[in-house]
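Structural overview
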Amino acid sequence: MKALEGVRILDFTHVQSGPTCTQLLAWFGADVIKVERPGVGDITRTQLRDIPDVDSLYFTMLNGNKRSMTLDTKSEGGKAILERLIKACDVLVENFAPGAIDRMGFPWEKIQELNPRMIYASVKGFGPGPYEDCKVYENVAQCTGGSASTTGFDDGPPLVTGSQIGDSGTGLHLGLGIVTALYHREKTGRGQRVLAAMQDGVLNLARVKLRDQQRLAHGPLKEYPQYPNGTFTDECPRAGNASGGGQPGWAVKTKGGGANDYIYVIIQPPGWAVYMKLCGREELIDDPEWATPEARLPKLDQCFALIEEWTKTKDKFEVMEILNERNVPCGPILSMKELAEEPSLRATGTVVEVDHPTRGKYLTVGQPIKLSDSPAEVGPSPLLGEHTDEILGDVLGLSEDEIEATWASGALGQKASAAAE
Ligand SMILES: CC(C)(COP(=O)(O)OP(=O)(O)OC[C@H]1O[C@@H](n2cnc3c(N)ncnc32)[C@H](O)[C@@H]1OP(=O)(O)O)[C@@H](O)C(=O)NCCC(=O)NCCS
């Protein structure tokens, strides 16, 4: 039995932040019913399409294991169906622009009245405050949550990261909120409102930078590359590739000279002797000018340059092997191509090949959280409205005649067979 089997989720999510959340819950066994606008569906179905007339990878990689139904929630018939779905589900998840669900005629008070056990979970760009009505996308959240101001090199502009910490990161936060509220409901019998704001989620992930902001009041940040030769202001600066933790680190070049022929090395105190032996510079192991972290701190750039002289003679995987044999942590810079081809990630289900009815085979990132008793099976994303009849039947108990009548009312859009005529 899957961990979330029996939990039914009414999924009004679109684009990325909300869908990542409900996909994780679907992989854990929840029945996720994705409600989409007739004829259109989630906008990402057609965004960044690589194959004509086929759901994009953007969509397929965020909506695995869900069921899809079409419903015009602004029509009278659609509202009636939505009321019944709210009564039949445990969780409603949405990430529309602020107020959209209210404008559909379903404010939280009404949802609670219809189903007091319902958990109503939302992603919004901002929490309550001056920006609460703003629409937000990934990079807006990275910029407003403190990530961009602390990412990049000191002499360059703020940078957004390749990881979708605003969207997928907030989806993860929301997922935790939902399972927490489900657990709470076990004890109280009541549902509750769950909000994950993207600005809050990014700031939570950038927590160490708020730490550093406060440390600045008590002197320079000695592990930052600005120390001791650069300058600090009263704002937490960008640290380039510095480690951010207690141990100095940097990305150094390896053999090959390609864009990703780099390895991230960390100089823990015991690692210094290892590096210097590998570099053929044993004389620096006990030299008081180099031997201690304090002595090395003002010349970390020289330390990494010395190490790079050695790393440039090996490829990144050789360096990884040699350093790990000596208990020294490091991380090769892996490209998406290398990750897609990595057999161990395939073996654990972190990278999965999925078969889709119109696309054929594609790769997706599978469930990154592993439960020993509830393994995830990663399936394809649904076609638009693929399960409309099935959901009306098995969730709402509508008869075939009632389903046909609902189609005829226009609440579900135009039936595929009718649309094709
Ligand atoms: C992502 C975002 C910027 C997209 O904005 P958008 O494309 O303009 O879409 P909206 O969220 O405004 O919603 C579109 C409209 O479709 C309507 N709609 C959606 N599904 C519908 C359905 N099944 N039937 C009828 N109408 C539907 C909504 O009610 C809304 O109408 P309204 O504006 O009249 O209230 C916005 O949704 C947002 O800020 N979301 C919160 C933050 C977030 O999650 N951002 C990250 C996305 S990855």
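In this text the structure is predicted, and so the values were computed from the model without any measurement.

Remarks on the site of the ligand
Near the ligand there are 23 residues, and of these Leu-71, Ala-97, Arg-103, Lys-135 and Val-136 occur at the shortest range. Contact distances for the ligand include 3.0 Å between an oxygen atom and a side-chain N or O atom of His-14. Between the ligand and Lys-74 there is a distance of 2.8 Å, counted from an oxygen atom to a side-chain nitrogen or oxygen. Out of a free accessible area of 930 Å², the ligand has 85% covered by protein chains. The class makeup of the residues in the shell around the ligand is ten nonpolar, six polar and seven charged.

Things to note about helix 13 (residues 316-325)
For helix 13, the complete set of buried residues consists of Lys-316, Val-319, Ile-322 and Leu-323. One side of helix 13 holds all its buried residues, which, seen down the axis, span an arc of 125 degrees. Residues of helix 13 that are exposed and point over 90 degrees away from its buried face: Glu-321 and Glu-325. One side-chain oxygen of the residue at the start of helix 13 lies 2.9 Å from the amide nitrogen of Phe-317, identifying that residue as Asp-315. Where helix 13 terminates, the next one or two residues include Asn-327, which has phi positive at roughly 65 degrees.

Points about the sheet that holds strand 5 (residues 119-124)
With parallel pairing, the six strands of this open sheet are ordered in space as 3-2-1-4-5-6. Each edge of the open sheet carries a strand with a single partner, namely strand 3 (67-70) and strand 6 (193-197). Shown here is a sheet whose adjacent strand axes are inclined to one another by a mean of 20 degrees, direction ignored. Strand contacts of helix 8 (residues 198-205): strand 5 and strand 6, with the helix running at about 65 degrees to strand 6, the strand carrying the most contacts.

What about the packing of helix 10 (residues 271-278) against helix 12 (residues 300-311)?
Look at helix 10 against helix 12: their axes get within 9 Å of each other, and the N-to-C directions meet at 45 degrees. Classified by the angle their axes make, helix 10 and helix 12 are oblique. Helix 12 is crossed by helix 10, and the crossing has left-handed handedness. Counted together, Trp-272, Tyr-275, Met-276 and Leu-278 of helix 10 and Cys-303, Leu-306, Ile-307 and Trp-310 of helix 12 form the full contact between these two elements. Of the residues belonging to the contact of helix 10 with helix 12, the class tally is eight nonpolar, no polar and no charged.

Here we look at the sheet that holds strand 7 (residues 249-253)
As summarised here, the arrangement of the three strands in space is 7-8-9, forming an open sheet in which the pairing is antiparallel. The sheet terminates laterally at strand 7 and strand 9 (330-332), the two strands that pair on one side only. Direction aside, neighbouring strands of the sheet carry axes that sit 20 degrees apart on average. Looking at chain direction, strand 7 and strand 8 (residues 262-266) are connected through five bridges and run antiparallel. Pairing of Gly-249 across the sheet is with Ile-266, part of strand 8. Strands strand 7 and strand 8 of the sheet are contacted by helix 12, whose axis makes an angle of about 40 degrees with strand 7.

Structural notes on the pairing of strand 4 (residues 91-94)
Here strand 4 shows a buried face lined by Val-91 and Val-93 and a second buried face lined by Leu-92 and Glu-94. Relative to strand 4, strand 1 (residues 8-12) is paired through four bridges, and the arrangement is parallel. For Phe-12, the partnering residue across the bridge sits in strand 4 and is Glu-94. Summarising the sheet, strand 4 and strand 5 pair through four bridges and their orientation is parallel. Its bridge partner being in strand 5, Val-93 is matched across the sheet by Ala-121.

Some details on the pattern of salt bridges
Enumeration over the complete set of coordinates arrives at 23 salt bridges. The salt bridge involving Asp-11 is made with Lys-66; its shortest N-O contact spans 3.5 Å. Taken together, the residues Asp-11 in strand 1 and Lys-66 in the loop between helix 2 (57-60) and strand 3 connect sequence positions 55 residues apart. Assigned by exposure class, Asp-11 and Lys-66 land together as buried. A salt bridge links Glu-341 to Lys-337; the shortest N-O distance between them is 3.4 Å. Residue Glu-341 and its partner Lys-337 are both found in helix 14 (residues 336-341); the two are separated by four residues, about one turn of the helix. Each member of the pair, Glu-341 as well as Lys-337, is classed as exposed. One network of salt bridges, in which partners are shared, links Arg-8, Asp-31, Arg-67, Glu-390 and Asp-394.

Rules of the game
- Residues numbered from 1 in each chain as written.
- Predicted model: local features only at pLDDT ≥ 70, side-chain atom pairs only at ≥ 80, totals over all residues.
- Heavy atoms only, no water.
- Near = heavy atom within 4 Å.
- Polar contact = N/O pair within 3.5 Å; in protein donor to acceptor, adjacent residues only side chain to side chain.
- Areas by Shrake-Rupley, 256 points an atom, 1.4 Å probe, with all protein chains shown as cover.
- Nonpolar A, V, L, I, M, F, W, Y, C, P; charged D, E, K, R; others polar.
- Buried < 20%, exposed > 50% of the residue type's maximum accessible area, 1.4 Å probe, protein only.
- Helix = DSSP H or I, 4+ residues; strand = E, 2+ residues; numbered from the N terminus.
- Arc of directions from axis to C-beta.
- Pairing = 2+ DSSP bridges.
- Axes fitted to C-alpha atoms, helices over the stretch in contact; angles between N-to-C directions.
- Contact = heavy atoms within 4.5 Å.
- Parallel < 35°, antiparallel > 145°, perpendicular 65-115°, else oblique.
- Left-handed = near helix turned anticlockwise from the far one by under 90°.
- Salt bridge = Lys/Arg side-chain N within 4 Å of Asp/Glu carboxyl O.

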